[in-house]
Amino acid sequence: MRKLNVLAASSMAALLAGAAAAEPQVEVLHWWTSGGEAKSVAVLQQEFAERGGTWTDMPVAGGGGDAAMTALRARVLSGNAPTAVQLKGPAIQEWYEEGVLSDISDVAEAQGWSEVLPEAIAGHMKCEGAWCAAPVNVHRVDWIWANAKVLEDAGIEMPTTWEAFNAAAQTLQEAGVVPLAHGGQAWQDATLFEVVALSLGGPEFYKAALVDLDPEALKSDQMKAVFDQMRTLRGFVDDNFSGREWNLATAMVINGEAGFQIMGDWAKGEFAAAGKTPGEDFLCASAPGEGFLYNVDSFAMFEVDGEDRVAGQKLLAELIMGPTFQETFNLNKGSIPARTDVSLDKFDSCAHTSSEEMQASADGGSLLPSYAHGMALRGAQAGAITDVVTAHFNSEMSSDEAVQMLADAVANSM
Ligand code: GAL
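For clarity, every value in this text was computed on a predicted model and none was experimentally measured.

Rules used in this analysis
- Residues numbered from 1 in each chain as written.
- Predicted model: local features only at pLDDT ≥ 70, side-chain atom pairs only at ≥ 80, totals over all residues.
- Heavy atoms only, no water.
- 1 Å grid on protein atoms, 1.4 Å probe; cavity = no way out; pocket = protein on both sides within 12 Å on 5 of 7 lines; lining within 4 Å.
- Points joined across faces, edges and corners; volume = space filled by probe spheres on them.
- Helix = DSSP H or I, 4+ residues; strand = E, 2+ residues; numbered from the N terminus.
- Nonpolar A, V, L, I, M, F, W, Y, C, P; charged D, E, K, R; others polar.
- Axes fitted to C-alpha atoms, helices over the stretch in contact; angles between N-to-C directions.
- Parallel < 35°, antiparallel > 145°, perpendicular 65-115°, else oblique.
- Left-handed = near helix turned anticlockwise from the far one by under 90°.
- Contact = heavy atoms within 4.5 Å.
- Pairing = 2+ DSSP bridges.
- Near = heavy atom within 4 Å.
- Polar contact = N/O pair within 3.5 Å; in protein donor to acceptor, adjacent residues only side chain to side chain.
- Sits in = over half its atoms within 2 Å of the grid points.
- Disulfide = S-S within 2.5 Å.
- Buried < 20%, exposed > 50% of the residue type's maximum accessible area, 1.4 Å probe, protein only.
- Phe/Tyr/Trp six-rings, centres within 6.5 Å; stacked < 30°, edge-to-face > 60°.
- Lys NZ or Arg CZ within 6 Å of the ring centre and 35° of its normal.
- Expected span 1.5 Å × (residues − 1).
- Arc of directions from axis to C-beta.

Engineer: What's the story with the layout of surface pockets in this structure? I'm lost.
Structural biologist: Using a probe with the size of a water molecule, rolled over the atoms, empty space left in the structure can be pinpointed. Its boundaries defined by the atoms lining it, the largest pocket holds a volume of some 690 Å³. Along the wall of the largest pocket there are 28 residues; nearest its centre are Asp66, Met69, Gly374, Gly379 and Ala382. Where the lining of the largest pocket is concerned, the elements lending two or more residues are α3 (66-77), α4 (90-97), α10 (186-211) and α18 (379-393). Broken down by element, the residue count for the lining of the largest pocket peaks at five residues, all from α18. A per-class count over the lining of the largest pocket returns 13 nonpolar, eight polar and seven charged.

Engineer: Whenever I open this one, the packing of helix α13 (residues 246-254) against helix α14 (residues 266-273) confuses me. Can you help?
Structural biologist: When two helices pack together, their arrangement is given by the angle between their axes and by how far apart the axes lie. Contact geometry for α13 and α14: axes closest at 10 Å, N-to-C directions at 55°. With respect to their mutual orientation, α13 and α14 come out oblique. Considering how the two elements wind past one another, α13 and α14 form a crossing that is right-handed. Residues Trp246, Asn247, Thr250, Val253 and Ile254 of α13 touch α14, and the partners they reach there are Trp266, Ala267, Glu270 and Phe271. Its residues assigned to classes, the contact of α13 with α14 comprises six nonpolar, two polar and one charged.

Engineer: Explanation requested: the sheet that holds strand β3 (residues 84-86) in the structure shown.
Structural biologist: Paired through backbone hydrogen bonds, the strands of a sheet run either parallel or antiparallel to each other. Read across the sheet, five strands follow the order β2-β1-β3-β13-β6 without closing on themselves; strand pairing throughout is mixed. Looking at which strands have only one partner, the edges of the open sheet turn out to be β2 (54-59) and β6 (134-135). Here two bridges tie β6 to strand β13 (residues 298-301), and the two strands are oriented antiparallel to one another. The residue bridging proline 135 from the neighbouring strand is serine 298, located in β13. Across the face of the sheet, α3 comes into contact with β1 (25-30), β2 and β3 while running at roughly 135° to β1. Sitting on the sheet, helix α15 (residues 307-320) is in contact with β1, β2, β3, β6 and β13, with an inclination near 60° to β1.

Engineer: When you look at the site of the ligand in this model, what are you seeing that I'm missing?
Structural biologist: Around the ligand lies a shell of 13 residues, among which Glu37, Lys88, Asp297, Lys333 and His373 are the nearest. Within the side chain of asparagine 295, one N or O atom sits 2.9 Å away from an oxygen atom of the ligand. The cavity that encloses the ligand is the largest cavity. A breakdown of the residues in the shell around the ligand according to their chemical character gives four nonpolar, five polar and four charged.

Engineer: How should the side chain of glutamine 185 be read in this particular structure?
Structural biologist: Looking at the element boundaries, glutamine 185 is found in the loop between β9 (178-180) and α10. Those residues in contact with glutamine 185 that sit more than four places away from it in its chain are Gly243, Arg244 and Glu245.

Engineer: What exactly am I supposed to notice about the state of the cysteines here?
Structural biologist: What is meant by a disulfide is a covalent connection between two cysteines, made through their sulfur atoms. Tallied over the full model, the rule gives two disulfides. Cysteine 127 shares a disulfide with cysteine 132; S-S distance 2.0 Å. The disulfide joining cysteine 127 to cysteine 132 has a torsion of about 75° about its S-S bond and is therefore right-handed. Judged on exposure class, the residue cysteine 127 and its partner cysteine 132 are both buried. One disulfide bridge connects cysteine 284 with cysteine 350, the sulfur atoms lying 2.3 Å from each other.

Engineer: Where do I start with the packing of aromatic side chains in this structure?
Structural biologist: To describe a pair of aromatic rings, one takes the distance between the centres and the angle between the planes. This structure, assessed with the given rule, holds 14 aromatic pairs. Where tryptophan 95 meets phenylalanine 302, the ring centres are 5.5 Å apart and the plane angle is 70°; that geometry is what we call edge-to-face. In this pair, tryptophan 95 sits in helix α4 while phenylalanine 302 sits in the loop between β13 and α15, placing the two residues 207 residues apart along the sequence. The buried category is assigned to phenylalanine 302, whose relative accessible area is 0%. Within the aromatic cluster, the residues linked to one another by ring pairs are Trp32, Phe299, Phe325 and Phe329. Cation over ring: arginine 140 sits above tryptophan 143, and NZ or CZ is 5.3 Å from the ring centre. Sitting over the face of the ring of phenylalanine 393, arginine 234 holds its NZ or CZ atom 6.0 Å from the ring centroid.

Engineer: How should I be thinking about helix α2 (residues 35-50) in this particular structure?
Structural biologist: Given 3.6 residues per turn, any residue in an α-helix points the same way as the ones three and four places further on. With 16 residues, α2 should cover 22 Å at 1.5 Å per step; its first-to-last C-alpha distance of 23 Å lies within 8% of that length. Buried within α2 are the following residues: Gly36, Glu37, Ser40, Val41, Val43, Leu44, Glu47 and Phe48. For α2, the angular spread of the buried residues around the axis is 130°, confining them to a single face. Buried residues in α2 make contact with β1, β2, α13, α14, α15 and α16 (323-333). Phi turns positive, to about 85°, at glycine 52, one or two residues after α2.

Written out as structure tokens, the structure is:
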């Protein structure tokens, strides 16, 4: 046994030495193409180049990453996986089970990832006990963003209940401002829906319905109330919402064409890239009620041949978890660092709110994974829910029909 361990250790050392000698290469598949996103990923590209690496970029446009995931499947099926891929939540374990992900435990252990990551985040990065992904951030999904001047001109405060939100939106509509900037894409509809579900129904309801997929919760009166509010929100979007990218919706709030957007804090990356300051130009508030919906971006490495590519994967994993990278990247991205030991001194008030409420939610049991951003469910179940949410949002479907369809779709996806 001991001899085996020694052998294993010496071959690992040889592997690492070989990898270190090779010039690191990566091809990175991601969907960070908006202004704020591109600025964020550029930080990683620059650090990679500074360490002698060659980065081949494979951006696949489309917020939420649906198009990127389709591109990934095609690449893997053709036997030509990218070296590193932006991958999140249970999809990491799904790909690991297909036997195509690399184990990056050597880097994780050498850098002591366990000591600096919250347990919930570390859990998402592990596959059958091995480290199989590296986290860059924690995005919060349940935010309401607003243009400060638009609200002030209309004499409205940032709403703290849905009744207040609906009333404020009504006032904006009457003043000729688009109340809610939204892009009609399935994942954006799903984002609105999960925020309303947590906010109106509370953490226990959210967990029962969208994490545990409890049929009673899916069909409940509470879920009907969620669809009712979705119908109300549908009345607050403009006529051109169909197909609009999320960052163009954020731009509507930035330039005062719209009052509000309900979106994760990658939207803050757009405000920041446009030189806007929270509290002055724009406002951020967590959605009414308790809880925190988290969405952690991470990268997984796919099994590839070649010392240069393996060296590239190890270097990338190391850089992603580097404390200075996590600071700079997240300042641009709108999220907060995944590492708990990075100071938030340079971060704005929204990031401080996020960090404090994340801690409070973790303590109170209401820190919850985002279903719409692939953190809570496997692909089939998440897709089944999103199909119903989008069908409801884009039709005259009643809330009664929607909950029945939702429960059936989830049952059929199991
Ligand atoms: C999320 C992702 C964010 C942001 C957003 C819009 O799923 O986690 O980093 O990129 O999509 O593209």
